[in-house]
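Survey of secondary and tertiary structure
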Amino acid sequence: MQELEQMWQEKVDALTKQNQPLSDGLKMFQWQQEELHLSLFEQELKTPYPVLVKRLRKKWEG
């Protein structure tokens with residue numbers, strides 16, 4: 001999970017340096033990372049759909 005957050009942050013930092021906006025895909029990826037965090041550490045809150053590290057990695061690479 002930390003690896004995904006680091007990759008996302010590096011991408012955001014690079015875009016920020018270039019004064020580029022975040023794409024909707026990157027915003028959605030961030031949201032899904034938050035959902036993953038909830039599903040792992042705040043299970044009683046429930047997430048609207050299952051989020052797995054494997055799925056997020058596949059999305060990132062795809």
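Our subject is the structure listed above.
So, here's what we can say about the structure.

Criteria and thresholds
- Residues numbered from 1 in each chain as written.
- Predicted model: local features only at pLDDT ≥ 70, side-chain atom pairs only at ≥ 80, totals over all residues.
- Heavy atoms only, no water.
- Salt bridge = Lys/Arg side-chain N within 4 Å of Asp/Glu carboxyl O.
- Helix = DSSP H or I, 4+ residues; strand = E, 2+ residues; numbered from the N terminus.
- Buried < 20%, exposed > 50% of the residue type's maximum accessible area, 1.4 Å probe, protein only.
- Axes fitted to C-alpha atoms, helices over the stretch in contact; angles between N-to-C directions.
- Parallel < 35°, antiparallel > 145°, perpendicular 65-115°, else oblique.
- Left-handed = near helix turned anticlockwise from the far one by under 90°.
- Contact = heavy atoms within 4.5 Å.

Some details on the pattern of salt bridges
All chains considered together, the criterion is met by one salt bridge. A salt bridge links R57 to E3, with the shortest nitrogen-to-oxygen separation between them at 3.1 Å. Of this pair, R57 sits in helix α3 (residues 53-61) while E3 is found in helix α1 (residues 2-17), placing the two residues 54 residues apart along the sequence. Among the residues examined, R57 registers a relative accessible area of 31% and is labelled partly exposed.

Examining the packing of helix α2 (residues 24-41) against α3
At their nearest, the axes of α2 and α3 sit 11 Å apart, and the two run at 170 degrees to each other. With respect to α3, the axis of α2 lies roughly antiparallel. By crossing handedness, the relation of α2 to α3 is classed as left-handed. On α3, the residues touching L26, F29, Q32, Q33 and L36 of α2 are V53, L56, K59 and W60.

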